[in-house]
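Next come the chains, spelled out residue by residue.
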Amino acid sequence: MQKRVKKFIESVLEKEVVLEKPKDLSLGHFATPVAFSLAKEYKKSPMIIAEELASKLSNPELFEKVEAIKGFINFKLSNAFLEKLTKEVLLNKSDFGKDEPKKQKILLEYVSANPTGPLHIGHARGAVLGDSLARVGRHLGFDITTEYYVNDAGAQMEMLGLSVALAGRDFILKESVEYPEKYYRGEYLIDIAQKIYDEFGKDIFYDESRFREMAEFAKNIVLEIIKSDLKDIGIEFDNFVSEASLYDSWSDTKAVLVKNGSLYEKGDKLYLKSTQYGDDSDRVVVRENGIPTYLAGDIIYHKNKFDRGFDHYINIWGADHHGYIKRVEAAIEFLGNDSKKLEVLLSQMVQLLKGGEPYKMSKRAGNVILMSDVAQEIGSDALRFVFLTKKSDTHLEFDLDILKNQDSSNPIFYINYAYARINQVFKKAEKSFDDVVEVTFDKLKEEDALNLIYESLLLPSVLEEAFIKRDMQKITDYLYSLASSIHRFYNNYKIIGNELEDEYLKVLSLCALSIKVALNILGIKEKEVM
C-alpha cells in the first residue's frame with residue numbers, strides 16, 4: 001500500500017519523496033513534506049507549493065482527497081483502493097507482506113554463548129532478536145543464513161574440565177573439595193559428572209591430563225542442552241561453527257596479517273595494530289607462550305566468514321562486547337576485507353521481576369536465571385514477545401507475573417484476545433473468512449472501519465522498517481496498536497445482524513490476517529480461542 005502510493009507520487013513529481021503516516025488519521029492516511037524541500041528551488045513558500053502540487057496529485061482511483069495543510073500534502077485513500085488491496089491480500093494470504101527475492105546474502109551470527117552451561121536469560125534476548133530478525137528478513141526476500149559460533153577453545157574450556165572434576169569428587173565421590181574462586185557451578189555439572197563417572201570411572205576426576213577430555217565430553221552435552229532449549233522457543237540454526245576447529249587456520253590467517261603489515265612483536269607478544277582503525281590500544285593476538293588469544297580466534301572466524309562470500313554480516317553481541325567492535329573491524333580491514341560489511345548489534349542485559357521482587361537464581365545453573373526456567377513458567381510465546389517490546393540496545397525490565405495476567409496489561413494476551421474475538425464473531429455469524437472475500441466496500445463509510453483496513457494493510461511497511469532499522473519493537477508496537485483498534489471497534493459497533501455485517505466481517509478478516517502473519521513471523525502461534 002505505502003509503496004504504491006509513494007511510487008505514484010514520485011512518478012508525478014519526478015523526484016523521490018518522503019511519505020509519512022499522520023498520527024491523526026482524520027488528516028489523511030499519508031502525508032509528504034516535499035513542499036518544504038522544494039521551497040528554495042521554487043522560490044515560493046511551502047504552503048503555496050503544497051497547494052499547487054495537491055491538484056497535480058489528485059487521483060480518484062487512489063485517493064478520496066488530496067489537500068494541502070500547513071505546507072504538507074495529505075492523502076486520504078479511496079474506498080475503491082482499500083477494497084482492491086484488501087481483496088488482493090485475502091486471496092493470497094500466505095504472501096501478505098512478502099517481497100521479491102533480494103540478491104543480498106546475509107550471514108547472521110547470534111547467541112554464540114560459551115558451551116559451558118545452559119543459556120541464561122541474558123542470552124535469550126539476543127537469541128530471540130536474532131531469530132526474529134532472520135524470520136522478518138526472509139519474509140522480505142533476503143537470503144539469510146543463521147550461525148552459532150561455539151567458543152570451545154581457551155580458558156573457559158579448561159575451567160569447564162576442572163569444574164566437572166570438582167563436581168564429581170564433591171557430589172559423586174562425596175569428598176571434601178576446596179573450590180577455587182572461579183569455577184562453573186550448577187546441578188547440570190553433577191549430571192555431566194555422573195555420566196563421565198559411569199563411562200570412565202573415578203580416576204579421571206584426579207588426572208589433570210584428562211581435564212580437556214572431560215571438558216570436550218561436557219561441551220557436547222551442554223551443546224545439546226543449548227540446542228534443545230533454543231528449539232523449545234522455536235529457534236534453530238543453519239550452522240554451528242567450532243572455534244577450536246578454526247585454529248588449524250591460524251598460520252594461514254597470520255600470514256595474511258604479516259603480509260599486510262598489521263602485526264608487530266613486543267615483549268615476546270604479538271600485537272595487532274588495531275589503533276590504526278580507531279581502537280583504544282593495539283591488541284595482543286599471540287601470548288608469550290605462543291598460544292593465540294581469544295581475539296586471534298575471532299580474527300580467524302571473521303576471515304572464514306568473509307571467505308564464504310556473503311554480501312553482509314550481522315553479529316549480535318552482548319553489550320559488554322562494545323569495546324570489542326573496533327578491534328574486529330581493524331582485523332577485517334587488515335585481512336583485506338571491507339569492515340563496513342560487518343554490522344554489530346548490541347543486546348543489553350535483562351532485569352527480571354516476579355511479583356515486584358527480583359527473580360530467584362536457578363539451582364540448576366548455580367548463579368544465573370535460566371532461559372528454560374522462564375520459558376517454562378510463562379511460555380515460549382510470551383518470552384519471545386516480551387524480549388521484542390524494546391529495542392535490544394536499551395535496558396529491559398519485566399515482571400513475570402504480569403505476563404500471566406488475562407488482561408490488557410499482558411500484551412501477548414491482549415493481542416491474541418483480539419484475534420480470538422474475531423474468530424468468535426465469525427463462528428457466531430456461521431461464516432468463514434473465505435466467505436467474505438468478494439464483499440465490496442461500496443456501502444462502507446464508517447471511518448473506524450476504514451481506518452482498521454488501513455492499519456491492517458500497513459503491515460508490509462512495518463515489517464520493512466523493522467528490518468531496515470533492526471528494531472523488532474516496531475512490530476510488537478504495531479500489533480498492540482492494531483489489537484487496541486480491534487477491541488475498540490468490537491465494543492463500539494454491533495457486528496452480527498448489522499446491515500453492514502459482511503463488510504465488517506471482511507474488515508475483521510483482514511485484521512485477523514495481519515495479526516496472524518505478524519505473530520508467525522515473530523515465531524509466535526496465534527490463538528483462535530482464549
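Residues numbered from 1 in each chain as written. Predicted model: local features only at pLDDT ≥ 70, side-chain atom pairs only at ≥ 80, totals over all residues. Heavy atoms only, no water.

Caption draft 1: Molecular detail of the overall build of the protein. Counting secondary structure elements, the protein contains 19 helices and 14 strands. Each principal axis of the C-alpha atoms in the protein carries an extent, and together these give about 85 × 60 × 35 Å. Residues classed as buried in the protein amount to 54% of the 530 residues present. Partitioning the contacts of the protein with sequence separation of at least 6, the portion at a separation of at least 24 is 70%. Just so you have it, the protein exposes about 24900 Å², and 48% of that area is on carbon and sulfur atoms. (Helix = DSSP H or I, 4+ residues; strand = E, 2+ residues; numbered from the N terminus. Buried < 20%, exposed > 50% of the residue type's maximum accessible area, 1.4 Å probe, protein only. Contact = heavy atoms within 4.5 Å. Areas by Shrake-Rupley, 256 points an atom, 1.4 Å probe, with all protein chains shown as cover.)

Caption draft 2: Region of interest: the sheet that holds strand β2 (residues 63-69). Reading across the sheet, the three strands line up as β1-β3-β2 and stay open at both edges, with antiparallel pairing between neighbours. Two strands close off the open sheet at either side, each with one partner strand: β1 (30-32) and β2. Each strand axis lies, on average, 20 degrees off the axis of its neighbour in the sheet, ignoring direction. Examined bridge by bridge, β2 and strand β3 (residues 72-77) share six bridges and lie antiparallel to one another. (Pairing = 2+ DSSP bridges. Axes fitted to C-alpha atoms, helices over the stretch in contact; angles between N-to-C directions.)

Caption draft 3: View of the nonpolar core. In this structure, M1, L383, F387, I475 and L479 are the most contacted members of the largest nonpolar core, which totals 149 residues. By residue number, the principal contributor to this core is helix α19 (residues 501-521), which donates 13 residues. Setting aside anything within four residues of it in sequence, one finds L383 in contact with I121, V128, I233, M371, V374, A375 and I378. Judged by nonpolar contacts, the second largest core, of 31 residues, contains V241, V285, A296 and F306. (Core = buried A, V, L, I, M, F, W, Y, C linked by side-chain atoms within 4.5 Å.)

Caption draft 4: Just the side chain of N59, in detail. Position of N59 among the secondary structure elements: in the loop between α3 (46-56) and β2. On the basis of relative accessible area, N59 is assigned to the buried category, the value being 17%. Here the side chain of N59 touches E61 through a polar contact of 3.0 Å, landing on its backbone nitrogen. (Polar contact = N/O pair within 3.5 Å; in protein donor to acceptor, adjacent residues only side chain to side chain.)

Caption draft 5: Spotlight on the environment of R4. Secondary-structure assignment places R4 in helix α1 (residues 2-13). Residue classification places R4 among the partly exposed positions, given a relative accessible area of 36%. Once residues within four sequence positions are removed from consideration, R4 is found in contact with F81, K84, L85 and E88. A polar contact of 2.6 Å, which involves the side chain of R4, links it to the side chain of E88.

Caption draft 6: Seen up close, the domain arrangement of the protein. The domain architecture assigned to the protein consists of domain 1 (1-77), domain 2 (155-233) and domain 3 (409-522). When each unit is reduced to the centre of its C-alpha atoms, the spacing between domain 1 and domain 2 is 66 Å. (Domains from an automatic or database assignment.)

Caption draft 7: Region of the structure containing the packing of aromatic side chains. All told, the structure shown has 25 aromatic pairs when counted by the stated rule. For the pair Y148 and F237, a centre-to-centre distance of 5.5 Å together with 85 degrees between the ring planes defines the contact as edge-to-face. Taken together, the residues span a long stretch of sequence, with Y148 in strand β5 (residues 143-150) and F237 in the loop between α8 (211-232) and β6 (239-242) at a distance of 89 residues. Between W317 and Y324, the ring centres sit 5.9 Å apart and the planes meet at 75 degrees, which makes this aromatic pair edge-to-face. Just as W317 is buried, Y324 falls in that class too. Among the aromatic residues, ring-to-ring pairing joins Y110, Y148, F237 and F240 into one connected group. Against the face of Y183 rests R185, its NZ or CZ located 4.4 Å from the ring centre. Its guanidinium or amino end placed over the ring of F240, K227 lies 4.4 Å from that ring's centre, counting from NZ or CZ. (Phe/Tyr/Trp six-rings, centres within 6.5 Å; stacked < 30°, edge-to-face > 60°. Lys NZ or Arg CZ within 6 Å of the ring centre and 35° of its normal.)

Caption draft 8: Just the pattern of salt bridges, in detail. The final tally for this structure, using the stated rule, is 35 salt bridges. Across the pair E501 and K431 runs a salt bridge, and its minimum N-O distance is 3.1 Å. Remark: K431 occurs in the loop between α15 (411-429) and α16 (447-457) and E501 occurs in helix α19; sequence separation between them is 70 residues. Of the charged contacts, one joins K431 and D502 as a salt bridge, the two residues approaching to 2.5 Å between their closest N and O atoms. Here the residue K431 occupies a position in the loop between α15 and α16, and D502 occupies one in helix α19, the gap between them amounting to 71 residues. Note on D502: relative accessible area 28%, which makes it partly exposed. (Salt bridge = Lys/Arg side-chain N within 4 Å of Asp/Glu carboxyl O.)

Caption draft 9: Geometry of the UniProt feature "domain: DALR anticodon binding" (unreviewed entry) in the protein. Feature annotation in UniProt places "domain: DALR anticodon binding" (unreviewed entry) on residues 415-530, given in this structure's numbering. Across residues 415-530 one finds 66% helix and 0% strand; the C-alpha atoms that close the span lie 11 Å apart. (UniProt positions renumbered as here; feature names shortened; annotations may be inferred.)

Caption draft 10: Structural detail: the UniProt feature "short sequence motif: 'HIGH' region" (unreviewed entry) in the protein. Per the UniProt record, "short sequence motif: 'HIGH' region" (unreviewed entry) is found at residues 113-123. In residues 113-123, the share of helix is 27% and the share of strand is 0%. The end C-alpha atoms are 7 Å apart.

Caption draft 11: Spatial organisation of the pairing of strand β10 (residues 312-318). Most of β10 sits out of view: six of its seven residues are buried. Two strands pair when backbone bridges link them, and β10 and strand β11 (residues 342-347) are joined in this way by six bridges, in the parallel orientation. If you follow N315 over to β11, its bridge partner there is V344.

Caption draft 12: Spotlight on α3. By the burial criterion, the buried members of α3 are P46, I49, A50, L53 and A54. Projected down its long axis, α3 carries its buried residues within an arc of 135 degrees, all on one side. Relative to its buried face, α3 has exposed residues pointing more than 90 degrees away, namely E51 and S55. Of the surrounding secondary structure, the elements contacted by the buried residues of α3 are α1, α2 (34-42), β2 and β3. (Arc of directions from axis to C-beta.)

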